[in-house]
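# Summary of the model geometry
As a plain string of letters, each chain reads:
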Number of protein chains: 2
Amino acid sequence: MNRRIVLARRPVGMPRPEDFAVSEAELPEPGDGQVLLRHSWLGLAPAARLRMGEEASYTRPMAIGDVVYGQAVGTVLKSRHPELREGDMVVTISGGWQEHSVAGGSGLSRIDLSIAPAAAWLGALGTSGMTAYVGLLDHGRPRPGDTVLVSAASGAVGCMVGQLARLKGCRAIGIAGGPVKCELARDLYGFDACVDYRAPDFAEQLVAACPDGVDILFENVGGAGRDAAWALLNQRARVVVCGLISEYNGEHASGPSWFPILFKRLSLSGFILSDHLDRRPEFVREMGAWYAAGQVRMKEDVRHGLAQVVPSFIDMLGGANVGKTLISL
Amino acid sequence: MNRRIVLARRPVGMPRPEDFAVSEAELPEPGDGQVLLRHSWLGLAPAARLRMGEEASYTRPMAIGDVVYGQAVGTVLKSRHPELREGDMVVTISGGWQEHSVAGGSGLSRIDLSIAPAAAWLGALGTSGMTAYVGLLDHGRPRPGDTVLVSAASGAVGCMVGQLARLKGCRAIGIAGGPVKCELARDLYGFDACVDYRAPDFAEQLVAACPDGVDILFENVGGAGRDAAWALLNQRARVVVCGLISEYNGEHASGPSWFPILFKRLSLSGFILSDHLDRRPEFVREMGAWYAAGQVRMKEDVRHGLAQVVPSFIDMLGGANVGKTLISL
């Protein structure tokens with residue numbers, strides 16, 4: 001049997017435990033080109049919240065009763081895939097919050113434990129790392145000397161953006177919530193500075209941390225932090241809209257004035273990783289080498305068992321986690 | 001002597017004739033690498049309004065007493081430029097509202113009357129045409145079958161965007177003010193449809209004209225037309241922010257919600273032609289061929305004499321002109 005966490009009702013605002021239910025189902029059968037997996041790790045990400053509302057976002061909304069969307073690392077139990085065999089370790093972009101899944105297509109990849117341990121394939125070498133990689137390199141187009149400002153700087157995507165920015169010769173400035181996360185961003189991830197958005201003089205601190213303005217704003221959060229950052233954008237700055245986690249639970253804030261988009265010649269781009277899976281081989285090659293050399297790292301927040309998924313997810317949306325939230329099964 | 005139109009005071013809202021003054025000055029002397037020109041044509045463009053306010057826009061604001069910014073075609077009277085001789089015909093991006101100017105650098109180019117008459121080098125083959133070319137091709141990235149929505153569709157930039165979109169195999173939909181301009185967009189410029197933003201059922205007409213949504217929004221105007229277009233953007237649509245003429249005289253409207261930027265993976269880019277002058281040789285080659293073959297055209301609104309500059313500029317900002325506003329001197 002397969003234990004799964006399904007959407008019981010649509011959350012209003014911050015999700016509550018009662019919005020989810022555990023359900024059991026027969027093990028699914030892999031179709032042609034697919035594998036059946038037993039999950040050993042689940043990776044939680046805020047984007048799952050987006051799919052729980054009634055509003056269409058990246059995709060159609062989840063239906064009530066659907067397994068919640070998420071990444072997983074697992075072992076192949078049965079294969080009808082031409083290149084994968086029983087016992088192979090893989091990562092799947094859409095394994096879901098469950099013990100088993102059927103997977104195939106471009107979101108399924110073998111992992112190499114000689115490069116990094118299994119859990120890292122959900123973090124630095126997984127969707128979090130690759131989101132940072134594609135977002136910063138392809139959309140942000142960093143040049144040496146640029147100032148890169150990153151919100152949720154100690155989070156799974158943000159910490160990778162900061163480390164990549166430093167590797168590319170940029171100045172990395174973070175925004176995070178509270179002194180613990182700011183210290184982590186500076187000390188573990190090497191941000192040049194990290195500003196606490198809860199500080200009463202946040203806006204002034206941000207100005208002081210960005211004396212040359214901001215060339216790339218890598219936005220994971222939205223809200224007041226983003227609005228303060230907006231004022232600091234230089235001519236020809238790039239705004240990478242990767243996430244708006246502060247808006248996932250509720251009303252959507254109105255946007256920036258159009259006027260600076262024009263006269264500062266800004267470029268803004270929203271993106272979603274699943275549009276860029278063709279970049280994975282290059283990502284794994286480059287990031288794998290940096291990871292193996294100790295040039296990138298990611299703190300993990302590991303919890304154990306399917307019962308921890310929902311409380312961990314709620315913690316993550318509330319900012320109570322530190323690092324990449326992983327569930328070991 | 002050189003007669004010039006200078007900024008007498010900063011306009012509040014729509015400029016008034018008293019905001020400008022005619023002044024005379026000695027003919028300037030060209031420096032090294034420069035030429036002295038006698039202007040035969042001035043090209044008026046809304047962007048000049050941007051430089052008249054106190055607020056920095058693309059550049060620092062004009063000072064009171066400065067000659068107003070604008071393009072000009074003229075004849076070389078004196079040359080200290082390595083490649084230009086007395087009698088050569090040239091176009092200059094910053095000739096200004098005056099009878100003579102000193103010009104040099106990348107904004108100065110010889111024109112070829114065998115390709116097109118002098119005035120066309122301020123229109124289809126000038127900054128208007130090149131703005132459309134760089135904006136649509138480089139920022140809009142059109143693909144055959146795309147729907148391209150263009151505001152100020154009968155204007156100097158908009159009409160070129162529509163014609164280029166058609167040449168690239170796209171569906172071109174215009175927005176313009178009043179039936180005369182809409183008819184011009186369809187009949188002279190080949191737009192597939194053009195919607196009058198003054199019509200009471202404008203939003204419904206726009207939806208009907210874009211049954212497959214909008215892949216590229218080429219924004220020249222801002223305001224209510226832009227907001228109606230925003231709702232029609234497809235996944236991965238590109239928004240080229242070329243102008244916001246409806247906001248040049250007054251308050252700046254707030255921007256789009258950030259949320260669709262993220263989940264529709266939109267890209268928005270503001271641009272200014274002067275950042276892209278390196279594209280001119282390719283532009284002249286391609287656009288010159290289309291012009292010579294009759295595949296692109298531009299209606300001209302020609303007025304005579306320096307005294308007509310200010311009233312023509314005010315007409316243009318108010319939408320009372322039809323086609324590219326040119327002053328013959």
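In this text, all values refer to a predicted model and were calculated from it rather than measured experimentally.

All names here are of chain B. With 8 of 10 residues buried, strand β3 (residues 34-43) lies mostly within the body of the structure. Judged from the 5 bridges that link them, β3 and strand β6 (residues 100-104) form a sheet pairing that is antiparallel. Across the sheet, residue Val35 finds its bridge partner in β6, namely Ala103. Two strands pair when backbone bridges link them, and β3 and strand β4 (residues 71-79) are joined in this way by 8 bridges, in the antiparallel orientation. Each bridged residue has a counterpart across the sheet, and for Val35 the counterpart in β4 is Ser79. As judged from the 3 bridges shared by β3 and strand β15 (residues 324-328), these two strands associate in the antiparallel manner. Of the residues in β15, the one forming a bridge with Leu42 is Ile327.

A few words now on unusual backbone geometry. Note: most residues except glycine have negative phi, and most peptide bonds are trans. Phi at Arg141 of chain A is positive, roughly 50°, even though this residue is not glycine. If you trace the backbone, Arg141 of chain A turns up in the loop between α2 (127-140) and β8 (147-151). Although it is not a glycine, Ala152 of chain B sits at a positive phi angle of roughly 50°. Among the residues examined, Ala152 of chain B registers 28 C-beta atoms within 10 Å and is labelled buried.

Looking now at the domain arrangement of chain A. Put simply, an interface is often sized by how much accessible area is lost when its parts join up. Residues and elements named next belong to chain A. Per the domain assignment, the segments making up chain A are domain 1 (2-123 + 298-328) and domain 2 (131-274). In this structure, domain 1 and domain 2 have C-alpha centres spaced 27 Å apart. Across the contact, 14 residues belong to domain 1 and 16 residues belong to domain 2. Residue classes in the side of domain 1 that touches domain 2 are distributed as 8 nonpolar, 3 polar and 3 charged.

Below, the discussion takes up α2 of chain A. Residues and elements named next belong to chain A. Counting buried positions along α2 gives 12 out of 14 residues, so the element sits mostly inside the fold. Among the residues of α2, those classed as buried are Thr127, Ser128, Gly129, Met130, Thr131, Ala132, Tyr133, Val134, Gly135, Leu136, His139 and Gly140. Positive phi shows up at Arg141, right after α2, with a value of about 50°.

Before going further, it helps to spend a moment on the packing of α2 of chain A against helix α8 (residues 280-292) of chain A. Residues and elements named next belong to chain A. Here α2 crosses α8 at 100°, and the two axes come no closer than 10 Å. When the interaxial angle is binned, α2 and α8 end up roughly perpendicular. Across the interface between the two elements, Gly129, Met130 and Tyr133 of α2 pack against Arg280, Phe283 and Met287 of α8. Of the residues contributing to the contact of α2 with α8, the split by class is 4 nonpolar, 1 polar and 1 charged.

Parameters at a glance
- Residues numbered from 1 in each chain as written.
- Chains lettered and ligands numbered in written order.
- Predicted model: local features only at pLDDT ≥ 70, side-chain atom pairs only at ≥ 80, totals over all residues.
- Buried ≥ 20, exposed ≤ 12 C-beta atoms within 10 Å, placed from the backbone.
- Helix = DSSP H or I, 4+ residues; strand = E, 2+ residues; numbered from the N terminus.
- Pairing = 2+ DSSP bridges.
- Domains from an automatic or database assignment.
- Contact = placed C-beta atoms within 7 Å.
- Nonpolar A, V, L, I, M, F, W, Y, C, P; charged D, E, K, R; others polar.
- Axes fitted to C-alpha atoms, helices over the stretch in contact; angles between N-to-C directions.
- Parallel < 35°, antiparallel > 145°, perpendicular 65-115°, else oblique.

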